[in-house]
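# Structural description and commentary
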Amino acid sequence: MSLESLIGNTIRPDVREVKSYHVQDPSGYIKLDAMENPYHLHQALRQELGQRLADVAINRYPPSYDGLRRRIAASLGVPAGYDVLLGNGSDELISIMATACARQDRRAVLLAPVPAFVMFQRSAQFAGMDFVGVPLNDDFSLDLPAMLAAIAEHKPALVFLAYPNNPTGNLFDTAAVEQILAALGDTGLAVLDEAYEPFAQQSFMPRLPEFDNLIVMRTLSKLGLAGIRLGYMSAAPALLAEFDKVRPPYNVNVMTQAAAEFALDHLDILNEQAALLRQQRTELSQALAALPGVTVYPSAANFILIRVADADTTHTKLLAHKILIKNLSKMHSVLTNCLRITVSTPEENAAFLDALKASLAD
Ligand SMILES: *Cc1c(COP(=O)(O)O)cnc(C)c1O
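Keep in mind that this is a model prediction, so the values were computed, not measured.

### As for the pattern of salt bridges
Scanning the entire structure with this criterion turns up 18 salt bridges. Close ionic contact of Asp 33 with Lys 31 constitutes a salt bridge, the shortest N to O distance being 2.9 Å. With a shortest N-O distance of 2.7 Å, Lys 330 and Asp 312 are connected by a salt bridge. One end of the pair, Lys 330, is in the loop between strand E12 (326-327) and strand E13 (338-342); the other, Asp 312, is in helix H14 (residues 311-320), and 18 residues separate them in sequence.

Structural data, given as C-alpha cells:
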C-alpha cells in the first residue's frame, strides 16, 4: 500500500493542492502582523482571571452559553429583540454560514470584493461553495456596478463585506452597502464583518431591524482577546436559528466562556486600549506619511496599509530588524508593493518607524 495513492483516493484534490494556513513563529520579533492588541493585563486583573479560570468545571461539557449570549447582546450594541450566535472565533462563524448555504442540488456562491479577508474564500471552498471575487477599485472603494452585475449573474447566497475591509483598512460607502442589500433581496445574505468595530466606531448593528438579509459579525479578537477565540454574529432570529443547527455543539469552551465574562466585566479597560490605539493610528499614519517614498492609506482599523517602492526588499529588511509585518504585494494587483502594519504601543511603533527608515535608506 502506498500512502500517496491512499491520500489520492481519499482526500479531495482541491484540499491536496492548498497550503495550510501559515502562522509565523514570532519569538524574538516585534509582532505587528496580526492586528493583536499589544497591551497586557495588570497583575491584579491577571490574578482575578486566574481565579475565575481555576473555578471552571473542566470535567463537564460546556453548559449552554445563554448567559454569555445575553450579556454580549446587552453590552455590545445588539438591538433589542436580536440574539447572537457565538463561534470559536469569527472564523468558525464564517464556515458555519458557508456550510449552511452550500448545497448539493445546485451551485451556491459566496461573493466578496477582493482583496478581502482570506478566510472568506477558504471557508467557501471547504464548504463546497463557489467563490466569486469582485475586484475593488484602485482606491479600494467598492466597484458598485461590478458588484451589482456579479450579484445579478451569480445570485450569491452569501456576500461578505469586511467593514472596515482587511487588508485595505477602509470603510465601504454606506449607500453602496445599502444598494447591495437591496439587490440581494430575498435571494442572498449580506454579512458585514465588523472585526475592527472598536477602531472604526461605525456599525451596521443598529440597522439590523431594517434589513432581513443583513448579518452583522464581530469578534473579541482585535479588541484584545485573540487568544480566547470568540466571535459573535447577529441577524433576524429565524435566520440565526438555522445557522445554530450547523454550529458544532460545545463550540465555545468553558475557559473561553469564563474569560469572556471576565472581559465583559472589564470592558472599560479594553475600550480605553482601543482609544489609545486609535490615537496611535493617527500618530503613526502621520509619521509614515512624512517619509519620502511611502504612501499611507486611510484606516478605520487597528492597522495601516502603506505602499513603498519595493515591498519585498523592505519586508526582508524589516525582518532583519526583528519586525514582523505583513507583505501583501503578491496578494492582489491593487496591492502591489503594499505592506500592512498593526498599530501597537508608542514604543513598538517607534521601533518600527526607526527600522523602516533604516530599511528604506540602505
Ligand atoms: C481578524 C479578522 C477576523 C478573524 O476573527 P477571529 O474572531 O479571530 O476568527 C475576521 N474578519 C476579519 C475581516 C478579520 O480581519
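### Overview of the UniProt feature "modified residue: N6-(pyridoxal phosphate)lysine" (unreviewed entry) in the protein chain
The sites that carry the UniProt feature "modified residue: N6-(pyridoxal phosphate)lysine" (unreviewed entry) are, in the present numbering, Lys 222. Inspection of the secondary structure assignment puts Lys 222 in helix H10 (residues 221-225). A residue is classified by how much of its surface remains accessible, and Lys 222, at 14% relative accessible area, is buried. If we skip the residues at most four places from it in the chain, Lys 222 touches Ala 34, Met 35, Asn 37, Ala 195, Tyr 196, Phe 199 and Asn 302.

### Quick word on the sheet that holds strand E10 (residues 303-307)
What links the strands of a sheet is backbone hydrogen bonding, and the strands pair in either a parallel or an antiparallel sense. The strand order across the open sheet formed by four strands is E9-E10-E13-E12, and the pairing between neighbours is antiparallel. Each of the sheet's edge strands pairs with one partner strand only, and the pair in question is strand E9 (295-296) and E12. Bridge count for E9 against E10 is two bridges, and the pairing is antiparallel. Paired with Thr 295 across the bridge in E10 is Arg 307. Its contacts with the sheet put helix H13 (residues 267-289) on E9 and E10, and the angle it makes with E10 is roughly 10°.

Analysis parameters
- Residues numbered from 1 in each chain as written.
- Predicted model: local features only at pLDDT ≥ 70, side-chain atom pairs only at ≥ 80, totals over all residues.
- Heavy atoms only, no water.
- Salt bridge = Lys/Arg side-chain N within 4 Å of Asp/Glu carboxyl O.
- Helix = DSSP H or I, 4+ residues; strand = E, 2+ residues; numbered from the N terminus.
- UniProt positions renumbered as here; feature names shortened; annotations may be inferred.
- Buried < 20%, exposed > 50% of the residue type's maximum accessible area, 1.4 Å probe, protein only.
- Contact = heavy atoms within 4.5 Å.
- Pairing = 2+ DSSP bridges.
- Axes fitted to C-alpha atoms, helices over the stretch in contact; angles between N-to-C directions.

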